Amino acid sequence: MSVHRLTLADASLTVAVSRDGSQSLADGVESRLRRIEAVESVESLSLDGVQPGLNDLTAEVTATLCVDPECAPNAKALAGHLTEPFAVSAATVTALRDPDCDPPDGVVDAA
């Protein structure tokens, strides 16, 4: 059995979310981010600003993402993966770190 290691990435992103969604803006942004192939989960999300558009809302967010390390050999490469989908128009990865220093929610550190 192999262990699939993940990387935590701190990023600032610009994400478009449909206006007619049935969920909150934060939930819509998280849903969009989880659809990105490189992203395994969204660990934290902070809404920093919102711009209304004709059919969508553009949210400026700061997030900590749990990502596939193969997509994150460095911050620039990961930013490229994050902006592949249409909904994410800008991404700046400010830090990549080992998740061992920050266990996932609900997991108790046995040490």
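Located above this text is the structure these notes cover.
Notes on the structure in this doc start here. (Residues numbered from 1 in each chain as written. Predicted model: local features only at pLDDT ≥ 70, side-chain atom pairs only at ≥ 80, totals over all residues. Heavy atoms only, no water.)

Let us look at the pattern of salt bridges. Where side chains of opposite charge bring their charged atoms close, a pairing between them can arise. Applying the stated criterion across every chain, the model contains two salt bridges. Among the ionic pairs, D10 bridges to R97, the shortest N-O distance being 2.9 Å. Note that D10 is positioned in strand β1 (residues 7-18) and R97 in strand β4 (residues 88-97), a separation of 87 residues in sequence. When the shortest N-O distance is used, the salt bridge between R34 and E30 registers 3.7 Å. Taken as a pair, R34 and E30 lie in helix α1 (residues 25-34) at a separation of four residues, close to a single helical turn. (Salt bridge = Lys/Arg side-chain N within 4 Å of Asp/Glu carboxyl O. Helix = DSSP H or I, 4+ residues; strand = E, 2+ residues; numbered from the N terminus.)

Regular strands place side chains that alternate from one sheet face to the opposite one. Across the twelve residues that make up β1, a large majority, ten, are buried. As judged from the twelve bridges shared by β1 and strand β3 (residues 56-67), these two strands associate in the antiparallel manner. Its bridge partner lying in β3, L13 is registered against V61. Relative to β4, β1 runs antiparallel, the two sharing eight bridges. (Buried < 20%, exposed > 50% of the residue type's maximum accessible area, 1.4 Å probe, protein only. Pairing = 2+ DSSP bridges.)

Here the focus is helix α2 (residues 75-82). Working note: α-helix, 3.6 residues per turn, so residues spaced by three or four point in the same direction. Within α2 the residues assigned to the buried category are L78, A79 and L82. Considered in projection along α2, the buried side chains sweep an arc of 105° and stay on one side of the axis. Taken together, the buried residues of α2 touch β1, β2 (39-52), β3 and β4. Its side-chain oxygen at 3.1 Å from the backbone nitrogen of K76, N74 defines the N-terminal cap of α2. (Arc of directions from axis to C-beta. Contact = heavy atoms within 4.5 Å. Polar contact = N/O pair within 3.5 Å; in protein donor to acceptor, adjacent residues only side chain to side chain.)

Looking now at the sheet that holds β2. Strand pairing in a sheet is mediated by backbone hydrogen bonds. Such pairs are either parallel or antiparallel. Strand order in the open sheet made by the four strands is β2-β3-β1-β4, with antiparallel pairing throughout. Because the sheet does not close on itself, it has two edges, and the strands there are β2 and β4. This sheet shows a mean twist of 20° between the axes of neighbouring strands, independent of strand direction. In this fold α2 packs onto β1, β2, β3 and β4, with an angle of close to 145° to the strand it touches most, β4. (Axes fitted to C-alpha atoms, helices over the stretch in contact; angles between N-to-C directions.)

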